[in-house]
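Structural overview
Residue-level listing of the chains:
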Amino acid sequence: MEQNDWRKSVVYQIYPKSFNDTTGSGEGDIQGIIEKLDYLQYLGVDYLWLTPVYESPMNDNGYDISNYYKINERFGTIEDLKSLIAKAHQRNLKIMMDIVINHTSTDHEWFKKAYEDQESPYRDYYFFRRSADNKPPTNWESKFGGNAWKYDPKTESYYLHLFDVTQADLNWDNPEVRKALYDVINYWIDFGVDGFRFDVINLISKGEFKDSQYIGKEFYTDGPRVHEYLHEMNQHTFGNREMMTVGEMSSTTIEDCIKYSNPERQELSSVFNFHHLKVDYVNGEKWTNAKLNFHKLKEILMEWQLGIYDGNGWNAIFWCNHDQPRVVSRFGDDSTPHNHQESAKMLATVLHMLQGTPYIYQGEEIGMTDPHFNDINQYRDVESLNAYDNMKERGFEESEILEILGQKSRDNSRTPVQWSNLENAGFTTGQPWIDIPENYRSINVETAINDENSVLHTYRKLIQLRHEHDIVTYGSIEPLHMEHDKLFIYKRHYNEETWLIIANFSKESCEIPADINLEGEVMITNGTITGNQITGFGSIVIQQ
Ligand code: TEU
């Protein structure tokens, strides 16, 4: 296999606002990323995905772009970005930009022109609609709560926003819009970036505007012309270049994801899906208080592993990102230092031995936890604040709401990276934009580097295994003992080689089924195996 095949890569996600602050503003910046490049090289990752750093009013922390060609002053300048790319490349690190082209901020000049003048050609860049009875054109709901249509009294019409009211959906059916967006992508290719992450890219083709039974999802998810548009985008931009692309797919299907990522179709290189992270939802509802359904987690992960492999597509695999709670608090156990360490290592091992491209979200590699906020004033995220208001309106008790937010809020992952045990975790000399959990005194990068048994060293080793053994990238997968209540067991196969992976998701020790042969060379492990007993949150990878 090719030495520099992107498939062998590990991606590290940076949420710049919370990464590293060099100015004392309380928010991270691009120079802060440059400062930490040596650390990222030491960790061993290949790509750095920067969540949006473009000009933005920051109502949704940069996913509301007002100018695709400008850098947000809060993060630095275009020269800073140039320098980041050059310095990353010197260390063999590649840069992936986040491209948000399903919508723009309502501060974008296209939207402003469209809003101010009904005759403007920009009007058709978005979805402005009138309705006979002056009600919203459809009953679709915004993913951040409320109806997805915002009324504009001046023109007595509505515009569509599947997310915040300040994130207006672009009309991809208009060829001028598509051309303008391909220009944006080409600008960043010429600038020197190595790949792209496309935000909610499977929502770009809207289909019919009709009332819905499912908040509108069935009309715009994997919509009628989405594959045609993605192929066209590929051909006009990154196709035929050495670029890694990943599409963020909301509520998608295996069938569509094969189409998005099968190389023959020339759409994208790989896909994110979220089904495996909805295993602590109640009836598909996020704002609920529920425990992990372990069987469902295994079932969904394996269904996607097998389905995508068979269809020659490519999965992006992940536990964490800036929209999800911290995995160690969610599917592991952060209640004691021992369980915290062991469950973080076990979760890392299970994920990194799966087929696909693994993503590490900043801080995950040291086992950062949810902050366990207990006051609504600690929250910053627009989605969480809307959910709070909505639950209040529905009569929920304050304590119940805080419990649910504590479990599900996107702010759980947005607290600053814990670099050291110095004040503010070494993140800023100013006032951090969001509170930092007290546990930074023991859970921080500096302590982790100096402790050879830390979670960080497990991540380093897992990355190294992927780079050194083709089976981790290319091997097929065989699920085993899916009925087991505590153990996640699977094998990987490649040519004559087999690897066995066993992980204990419970805090109690557990017996490994007798038909599992434990002979072979141990590639990585945490906890201990005595006879056929594996300790709580233990995991092991055996080459056979
Ligand atoms: O997220 C898309 C998305 O659908 C979610 O992960 C979303 O945050 C979640 O469903 C809310 O419950 C992407 C970005 O990752 C997110 O940060 C943005 O807010 C969103 O798109 C809009 O651009």
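Owing to the predicted nature of the structure, the values given are computational and were not obtained by experimental measurement.

For the structure shown, the criterion picks out 25 salt bridges. Between Lys 135 and Asp 133 there is a salt bridge, with the nearest N and O atoms lying 3.8 Å from each other. For the pair Lys 135 and Asp 133, a shared accessibility class is recorded, and that class is exposed. Linking Glu 232 and Arg 178 is a salt bridge whose minimum nitrogen-to-oxygen distance equals 2.7 Å. Of this pair, Glu 232 sits in helix 7 (residues 226-236) while Arg 178 sits in helix 5 (residues 175-191), and the two are 54 residues apart along the sequence. Residue classification places Glu 232 among the partly exposed residues on the basis of a relative accessible area of 23%.

Attention shifts here to unusual backbone geometry. Phi angles above zero are rare outside glycine, and Ala 425 is one such case at about 60°. With respect to the helices, strands and loops of the structure, Ala 425 is situated in the loop between helix 13 (398-408) and helix 14 (445-450). Under the relative-accessibility criterion, Ala 425 is labelled buried at 0%. You will see that His 481, though not glycine, has its phi angle at about 45°, which is positive.

For the rest of this paragraph, the subject is the sheet that holds strand 16 (residues 476-480). Here we have five strands laid out as an open sheet, ordered 16-17-18-23-20, and antiparallel in their pairing. Where the open sheet ends on each side, the last strands, each with one partner, are strand 16 and strand 20 (521-526). If you compare each strand with its neighbour and ignore which way they point, the axes differ by 15° on average. Taken together, the five bridges between strand 20 and strand 23 (residues 539-543) define a ladder with antiparallel strand orientation. Within strand 23, the residue paired with Asn 526 across the bridge is Ser 539. Its contacts with the sheet place helix 15 (residues 455-468) against strand 18 (497-504) and strand 20, and it is angled at close to 150° to strand 20.

Another aspect to go through is the pairing of strand 5 (residues 94-99). Burial analysis of strand 5 places five of its six residues in the buried class, which makes it a mostly covered element. Both strand 2 (residues 47-50) and strand 5 contribute to a ladder of four bridges, which runs parallel. From the neighbouring strand, Tyr 47 faces strand 5, where its bridge partner is Lys 94. In this structure, strand 5 lies alongside strand 11 (residues 195-198), joined through four bridges in parallel fashion. Of the residues in strand 11, the one forming a bridge with Met 96 is Gly 195.

All right, on to the sheet that holds strand 12 (residues 244-248) then. Here eight strands make up an open sheet; going across it, the order is 13-12-11-5-2-1-15-14 and the pairing parallel. For this open sheet the edge positions go to strand 13 (270-272) and strand 14 (316-317), each flanked by a neighbour on one side alone. Bridging between strand 14 and strand 15 (residues 357-361) involves two bridges; their strand directions are parallel. Residue pairing across strands places Ala 316 opposite Thr 357, the latter belonging to strand 15.

What follows covers helix 8 (residues 254-261). Within the span of helix 8, buried status applies to Ile 254, Asp 256, Cys 257, Tyr 260 and Ser 261. The buried residues of helix 8 occupy an angular sector of 155° when projected down its axis, which confines them to one face. Tucked into the core, helix 8 has its buried residues touching helix 7, strand 13 and helix 9 (294-310).

Assignment of secondary structure puts Arg 492 in strand 17 (residues 487-494). For the buried Arg 492, no salt bridge exists, and the shortest N-O distance to an oppositely charged side chain is 9.9 Å, to Glu 478. Polar contacts involving the side chain of Arg 492 include one to the main-chain carbonyl oxygen of Leu 354, which spans 3.3 Å. A distance of 3.2 Å separates a polar atom in the side chain of Arg 492 from the backbone oxygen of Ile 471.

In terms of nonpolar packing, the biggest core is built from 136 residues, with Trp 188, Phe 196 and Trp 319 touching the most fellow members. The dominant element in this core, judged by the number of residues it contributes, is helix 5, at nine residues. In terms of nonpolar packing, the next biggest core, distinct from the first, is built from 14 residues, Phe 127, Phe 144, Tyr 158 and Phe 163 among them.

What the rule picks out here adds up to 40 aromatic pairs. Between Phe 274 and Phe 318, the aromatic rings sit 5.5 Å apart at their centres with planes inclined by 75°, giving edge-to-face as the arrangement. Here Phe 274, found in the loop between strand 13 and helix 9, pairs with Phe 318, found in the loop between strand 14 and helix 10 (327-330); they are 44 residues apart in sequence, far enough to count as distant. Across this residue pair, the class does not change: Phe 274 and Phe 318 are buried. One aromatic cluster in this structure is built from Phe 127, Trp 140, Trp 149, Phe 209, Phe 219 and Tyr 220.

With that settled, the discussion passes to the UniProt feature "domain: Glycosyl hydrolase family 13 catalytic" (unreviewed entry) in the chain. In the UniProt entry, the feature "domain: Glycosyl hydrolase family 13 catalytic" (unreviewed entry) is given for residues 13-414. Helix makes up 33% of residues 13-414 and strand makes up 13%, while its end C-alpha atoms are separated by 12 Å.

Another point: the site of the ligand. Of all residues adjacent to the ligand, which total 16 residues, the nearest are Asp 60, Asp 199, Asp 323, Glu 383 and Arg 410. In this structure, an oxygen atom belonging to the ligand sits 2.9 Å away from a side-chain N or O atom of His 103. Within the side chain of Glu 383, an N or O atom sits 2.4 Å from an oxygen atom of the ligand. With the chains in place, 90% of the 490 Å² that the ligand exposes on its own is no longer accessible. In terms of residue class, the shell around the ligand is built from four nonpolar, three polar and nine charged.

Note on placement: Arg 466 falls in helix 15. Arg 466 gets classed as buried once you look at its relative accessible area, which sits at 0%. Along the sequence, Arg 466 and Gly 195 sit 271 residues apart, while their C-alpha atoms lie 20 Å from each other. Setting aside its immediate chain neighbours within four residues, Arg 466 contacts Arg 7, Lys 8, Ser 9, Val 10, Ile 317, His 352, Leu 354, Gly 356, Pro 358, Val 472 and Thr 473. Within the structure, the side chain of Arg 466 is placed 2.7 Å from the backbone oxygen of His 352, a separation counted as a polar contact.

What counts, and where the lines are drawn
- Residues numbered from 1 in each chain as written.
- Predicted model: local features only at pLDDT ≥ 70, side-chain atom pairs only at ≥ 80, totals over all residues.
- Heavy atoms only, no water.
- Salt bridge = Lys/Arg side-chain N within 4 Å of Asp/Glu carboxyl O.
- Buried < 20%, exposed > 50% of the residue type's maximum accessible area, 1.4 Å probe, protein only.
- Helix = DSSP H or I, 4+ residues; strand = E, 2+ residues; numbered from the N terminus.
- Pairing = 2+ DSSP bridges.
- Axes fitted to C-alpha atoms, helices over the stretch in contact; angles between N-to-C directions.
- Contact = heavy atoms within 4.5 Å.
- Arc of directions from axis to C-beta.
- Lys, Arg positive; Asp, Glu negative; His and termini not counted.
- Polar contact = N/O pair within 3.5 Å; in protein donor to acceptor, adjacent residues only side chain to side chain.
- Core = buried A, V, L, I, M, F, W, Y, C linked by side-chain atoms within 4.5 Å.
- Phe/Tyr/Trp six-rings, centres within 6.5 Å; stacked < 30°, edge-to-face > 60°.
- UniProt positions renumbered as here; feature names shortened; annotations may be inferred.
- Near = heavy atom within 4 Å.
- Areas by Shrake-Rupley, 256 points an atom, 1.4 Å probe, with all protein chains shown as cover.
- Nonpolar A, V, L, I, M, F, W, Y, C, P; charged D, E, K, R; others polar.

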